[in-house]
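# Report on the structure
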Amino acid sequence: VRMLNVSEIFGPTMQGEGTNIGKLCYFVRLSGCDSNCLWCDTNSIKTVFTMPVSKIVLRLKQQAAESHIKHIVITGGNPLLQPNTRKLCQKLLSNHFTVEIETQGTIYMDLPSDVHLNISPKGPSAGNVDTMKTGAHFMKLIESHSHDLKFVLDGGEEDLAFMQGILEIEQHLCSKDNLKRIIIQPVNGMHEVNVTIYRKIIEQAIALNLKENYKSRVRTLTQLHKIAGVE
Ligand code: SF4
């Protein structure tokens with residue numbers, strides 16, 4: 001039996017960030033993370049239960065039958081830490097769900113091509129002074145699967161330099177045009193952030209959008225679920 005360590009399964013709710021912001025969905029939060037970000041809002045969720053992949057899919061199918069919501073966001077922790085995440089994606093897709101994954105990108109996984117992959121590398125403002133592990137796993141992930149890159153910035157120079165460093169790696173590797181969108185969000189959602197910082201982030205996005213390779217791919221967003229106070 002293929003098992004997964006789960007922190008929580010919840011919904012219906014809405015996706016609060018990224019390209020699918022506002023989309024109604026269910027969340028599957030898998031437990032365990034290989035990073036330790038300062039502003040992590042999920043490290044406090046300690047509940048861990050082990051559940052067969054088939055049971056997770058069955059539960060979501062039953063809920064979707066009532067709500068007609070067939071979009072699933074698999075998040076963490078880092079969902080790619082658990083090999084059976086791939087099986088979960090496959091089973092959900094074969095049951096006509098659409099699937100989105102959130103990861104910081106430190107672990108490679110051969111995901112089904114229909115999975116919408118959000119990679120959110122965590123930089124200096126998250127306390128990752130070793131500048132994310134832009135190692136072999138990250139490179140292989142961005143080379144092999146189409147993805148959005150999502151950056152959470154504090155408006156400072158260090159985070160900006162980190163983002164530019166990642167984009168340079170991306171540009172160097174992604175001849176296959178795998179990079180779909182670049183999403184820039186302020187830390188903590190706009191409600192807690194100084195408006196000056198948010199303006200600075202918009203300026204950074206505009207400057208980035210002027211570059212030939214990133215034209216029309218850059219979006220600035222906030223974290224809507226934090227403002228709305230929903231999970
Ligand atoms: S990568 Fe995400 S889940 Fe892991 S510590 Fe950082 S913010 Fe938390």
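See the structure shown above.
Residues numbered from 1 in each chain as written. Predicted model: local features only at pLDDT ≥ 70, side-chain atom pairs only at ≥ 80, totals over all residues. Heavy atoms only, no water.

### Points about the overall build of the protein
Quick note on the threshold: Strands are runs of DSSP state E lasting at least 2 residues, helices are runs of H or I lasting at least 4, and numbering of each runs from the N terminus. Radius of gyration means the value over C-alpha atoms here, while the globule rule gives 2.2 Å times the residue count to the 0.38 power. Burial classification: accessible surface area is computed with a 1.4 Å probe over protein chains only, and a residue below 20% of its type maximum counts as buried, one above 50% as exposed, and the rest as partly exposed. Any two residues whose heavy atoms approach within 4.5 Å are treated as being in contact. All accessibility values rest on the Shrake-Rupley procedure with a 1.4 Å probe; residue burial counts only the protein chains present in the view.
Regarding its fold elements, the protein presents six helices and nine strands. Relative to its length of 231 residues, the protein is compact, with a C-alpha radius of gyration of 17 Å against a globular reference of 17 Å. Structurally, the protein occupies a C-alpha span of about 45 × 35 × 30 Å along its principal axes. Of all 231 residues assigned to the protein, the portion counted as buried reaches 50%. For the protein, the proportion of contacts with a sequence separation of at least 24, taken over those separated by at least 6, is 73%. Counting every atom, the protein has about 10,900 Å² of accessible surface; 52% of that belongs to carbon and sulfur.

### Points about the sheet that holds strand S3 (residues 49-52)
Just so we agree on the cut-off: Note on pairing: DSSP must find at least two bridges between two strands before they are called paired. Between N-to-C directions, angles cover 0 to 180 degrees, with each direction set by a line fitted to C-alpha atoms, over the stretch in contact for helices.
Taken together, nine strands build an open sheet; the order of strands is S3-S1-S2-S4-S5-S6-S7-S8-S9 and the sheet is mixed. Of all strands in the sheet, those with a lone pairing partner are S3 and strand S9 (218-220), marking the two edges. If you compare each strand with its neighbour and ignore which way they point, the axes differ by 30° on average. In this sheet, strand S2 (residues 24-30) lies alongside strand S1 (residues 3-14) in antiparallel orientation, the contact comprising six bridges. Within S2, the residue paired with Thr-13 across the bridge is Cys-25. This element, helix H4 (residues 157-173), spans strand S7 (147-153) and strand S8 (179-186) of the sheet and lies at about 165° to S7. Packing against the sheet, helix H5 (residues 195-209) makes contact with S7, S8 and S9, and its axis sits at approximately 170° to S9.

### Remarks on the packing of helix H3 (residues 136-144) against H4
Note the threshold: Here is the rule for angles: anything less than 35 degrees is roughly parallel, anything more than 145 is roughly antiparallel, 65 through 115 is roughly perpendicular, and the remaining ranges are oblique. When the near helix sits turned anticlockwise from the far one by under a right angle, the crossing is termed left-handed; a clockwise turn instead gives a right-handed crossing. Charged residues are taken to be Asp, Glu, Lys and Arg, nonpolar residues to be Ala, Val, Leu, Ile, Met, Phe, Trp, Tyr, Cys and Pro, and polar residues to be all remaining types, Gly included.
Direction vectors running N to C along H3 and H4 enclose 55°, while the axes themselves pass 10 Å from each other. The orientation of H3 relative to H4 falls into the category oblique. For H3 against H4, the interelement crossing comes out right-handed. Residue-level inspection shows Phe-138, Met-139, Ile-142 and Glu-143 of H3 in contact with H4, the latter providing Ile-166, Ile-169, Glu-170 and Leu-173. Here the residues of the contact of H3 with H4 sort into six nonpolar, no polar and two charged.

### Focus: the pairing of S1
The sheet contact formed by S1 and S3 spans four bridges and is antiparallel. What sits directly across from Val-6, in S3, is Phe-49.

### Here's the deal with the site of the ligand
Stated formally: Here a residue is near a molecule or strand as soon as one of its heavy atoms is found within 4 Å of it.
In the region of the ligand, the neighbouring residues are Cys-33, Ser-35, Asn-36, Cys-37, Cys-40, Thr-42, Gly-77, Gln-104 and Lys-122. A class-by-class count of the residues in the shell around the ligand yields three nonpolar, five polar and one charged.

### Overview of the pattern of salt bridges
Convention followed: Just to be clear on terms, a salt bridge is a Lys or Arg side-chain nitrogen sitting within 4 Å of an Asp or Glu carboxyl oxygen.
Here the structure, examined in full by the defined rule, presents seven salt bridges. Among the ionic pairs, Lys-150 bridges to Glu-17, the shortest N-O distance being 3.4 Å. Linking Lys-150 in strand S7 with Glu-17 in the loop between S1 and S2, this pair joins segments that are 133 residues apart in sequence. Each of the two residues, Lys-150 as well as Glu-17, counts as buried. The closest approach of N and O atoms between Asp-177 and Arg-217, which form a salt bridge, is 2.9 Å. Here Asp-177, found in the loop between H4 and S8, pairs with Arg-217, found in the loop between H5 and S9; they are 40 residues apart in sequence, far enough to count as distant. Three or more residues joined by partner-sharing salt bridges are found here, namely Glu-17, Glu-102 and Lys-150.

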